[in-house]
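Per-entry structural report
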Amino acid sequence: MRCGPGTAPYEKSLRQLKSGDGAAAADGDAGCRYLVSISYNRGLGNRVIAIVSAFLYAVLTERALLVAPYNGDVAALFCEPFPGTTWLLPDGRRFPLRRLRDLAGKSRESLGTLLKSNAGGNGTSSWSGRPPPYVYLNLDGSADYHDKLFYCDEQQRLLRGVPWLLMKTDSYLVPGLFLVPSLRGELERMFPEKDAVFHHLSRYLLHPANAVWHAITAYHRDHLAGAGQLVGIQIRVYHEETPPVSQVVLDQVLSCARRENLLPDAGTTTNTSSSHQAVLVTSLSSWYYEKIRDELGGGVHQPSHEGLQRMGDTAHDMRALSEMYLLSTCDALLTTGFSTFGYVAQGLAGERPWLMPRRPVWDKEPATEVPEPPCARAASPEPCFHSPSYYDCAARRNYEDIGKAVPYIRRCEDVSWGIQLVNGSSHW
Ligand code: GDP
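Residues numbered from 1 in each chain as written. Predicted model: local features only at pLDDT ≥ 70, side-chain atom pairs only at ≥ 80, totals over all residues. Heavy atoms only, no water.

Structural notes on the overall build of the protein
When you go through the protein residue by residue, the secondary structure sums to 14 helices and 14 strands. At 23 Å, the protein has a C-alpha radius of gyration in line with the 22 Å of a compact globule built from 428 residues. Seen through its principal axes, the protein has C-alpha atoms that stretch 75 × 45 × 40 Å. Put simply, the protein has 428 residues, and 57% of those count as buried. Considering only contacts within the protein whose residues lie at least 6 apart along the sequence, 70% involve residues at least 24 apart. Summed over all atoms, the accessible surface of the protein reaches about 18300 Å², with 49% contributed by carbon and sulfur. Here the protein contributes 43 positively and 45 negatively charged side chains, and the mean placements of these two sets differ by 7 Å. (Helix = DSSP H or I, 4+ residues; strand = E, 2+ residues; numbered from the N terminus. Rg over C-alpha atoms; globule rule 2.2 N^0.38 Å. Buried < 20%, exposed > 50% of the residue type's maximum accessible area, 1.4 Å probe, protein only. Contact = heavy atoms within 4.5 Å. Areas by Shrake-Rupley, 256 points an atom, 1.4 Å probe, with all protein chains shown as cover. Lys, Arg positive; Asp, Glu negative; His and termini not counted. Charge placed at Lys NZ, Arg CZ, Asp CG, Glu CD.)

What follows is the structure, encoded as structure tokens:
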């Protein structure tokens, strides 16, 4: 509220950003510093985990969070989380830095480039003059070794003096923040339950806008509320999938559900007693829903089938958000590995899903057989961080096994190179 858009410190900081005067802003009397989370052409799940990560980093480093909206959809999807101010970066001519979305790893303002060119001073421990007015943090899947020095104490100290940080990511950075020694103590105190970090952050920060909330509650009331037991199945489709590809995925879903006793017996879903089960299917395709409904004889619901993923389409994103929340009301979740859509649903729910392993999207060859086992219970409801830094800054070499660096971080089940927060308190 003190630093938000429209306040005197914000106006002053903007003026300093325009004039390129970094140090003055950093030492400024109001001491307002900013973290801008840059949304770009990624799916909603990716964008949600990115915003949640940026929020936590902003809290830890005492910065005001501003979200640079992607086609204005943040405002259509979520309520303003902070009373008396806005989290939306004011658009248009007044913000001095244009084309935030064009920033990339090679941009000269990026932390990685600054460190590479040694403009960060002799070695990396100080700026060779005044801190720059802004630094771009390239933390998406394209981040390289120098970009990922962000996760080191030394660079965190450097960044402290920079008034504006511009963060671009599509990942859940939080496990990486736990690996920064200077942030760890505070994080451990904030989150005694390490497997509930995303749950608390998302429930605190994200509030679906009225139209989305209305869609969620109306669908829940009309189709799901009567069920004694609700099973959510999220099937991530990457291409227009038809048999035999889709048949393999369907077989995987059914084999997982039967093996783990997740699905009701055929016929029992239509029962009207309060103990009956219902199934919520979410997918871009309706084929799976139809087959599961045929299999069970009823009691199966799918709110939408959008066909293909679309970028920059607010109504499409609103349906995606509704479905993430509807999935989060389920008693049991069966999700597709690798999918941030599923991560958001499981994290909102605070539930460990049964994860179905799936080949990554860039793998052109679809699976021809159901993997064995078809699914496994995830260790934690926490999203997997797909692009961690393997560099142990204190030791100045790579971790021998990043999954053993601290007791509450391990490698993800669905993405072998990713890391995930789990409840490691029993190891203490
Ligand atoms: P990821 O690509 O699986 O990690 O998940 P993202 O959410 O980042 O991107 C997938 C996008 O495709 C979503 O944001 C939706 O726009 C769309 N999509 C994928 N699966 C579904 C689904 O089951 N329901 C709806 N409504 N949209 C989906």
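Some details on the site of the ligand
What surrounds the ligand is a group of 18 residues, the closest being Gly45, Asn46, Arg236, Ser339 and Thr340. Here an oxygen atom of the ligand sits 2.8 Å away from a polar atom, N or O, in the main chain of Leu44. Taking Ser283, its main chain carries an N or O atom lying 2.9 Å from an oxygen atom of the ligand. Protein contact buries 96% of the 570 Å² of open area that the ligand shows by itself. Here the ligand occupies the largest pocket. Every element with two or more residues in the shell around the ligand is listed here: α3 (44-60), β6 (277-283), α13 (314-328) and α14 (340-349). With four residues, α13 is the largest single contributor of residues to the shell around the ligand. Each residue belonging to the shell around the ligand can be placed in one class, and the counts come to four nonpolar, 10 polar and four charged. (Near = heavy atom within 4 Å. Polar contact = N/O pair within 3.5 Å; in protein donor to acceptor, adjacent residues only side chain to side chain. 1 Å grid on protein atoms, 1.4 Å probe; cavity = no way out; pocket = protein on both sides within 12 Å on 5 of 7 lines; lining within 4 Å. Sits in = over half its atoms within 2 Å of the grid points. Nonpolar A, V, L, I, M, F, W, Y, C, P; charged D, E, K, R; others polar.)

Examining the state of the cysteines
The final tally for this structure, using the stated rule, is four disulfides. Across the disulfide from Cys3 sits Cys32; the S-S distance is 2.0 Å. Across the S-S bond of Cys3 and Cys32 the torsion is about -75°, and the bridge reads as left-handed. Taken together, the residues Cys3 in the segment before α1 (8-19) and Cys32 in the loop between α2 (22-27) and β1 (34-38) connect sequence positions 29 residues apart. (Disulfide = S-S within 2.5 Å.)

What to know about the sheet that holds strand β10 (residues 376-377)
Spatial strand order, β7-β6-β5-β8-β9-β10: six strands in an open sheet with mixed pairing. Two strands close off the open sheet at either side, each with one partner strand: β7 (300-301) and β10. In terms of strand pairing, strand β5 (residues 229-235) meets strand β8 (residues 332-336) through three bridges, oriented parallel. From the neighbouring strand, Gly232 faces β8, where its bridge partner is Leu333. Contacts between α14 and the sheet are confined to β5, β6 and β8, with β8 contributing the most and set at about 160° to the helix. (Pairing = 2+ DSSP bridges. Axes fitted to C-alpha atoms, helices over the stretch in contact; angles between N-to-C directions.)

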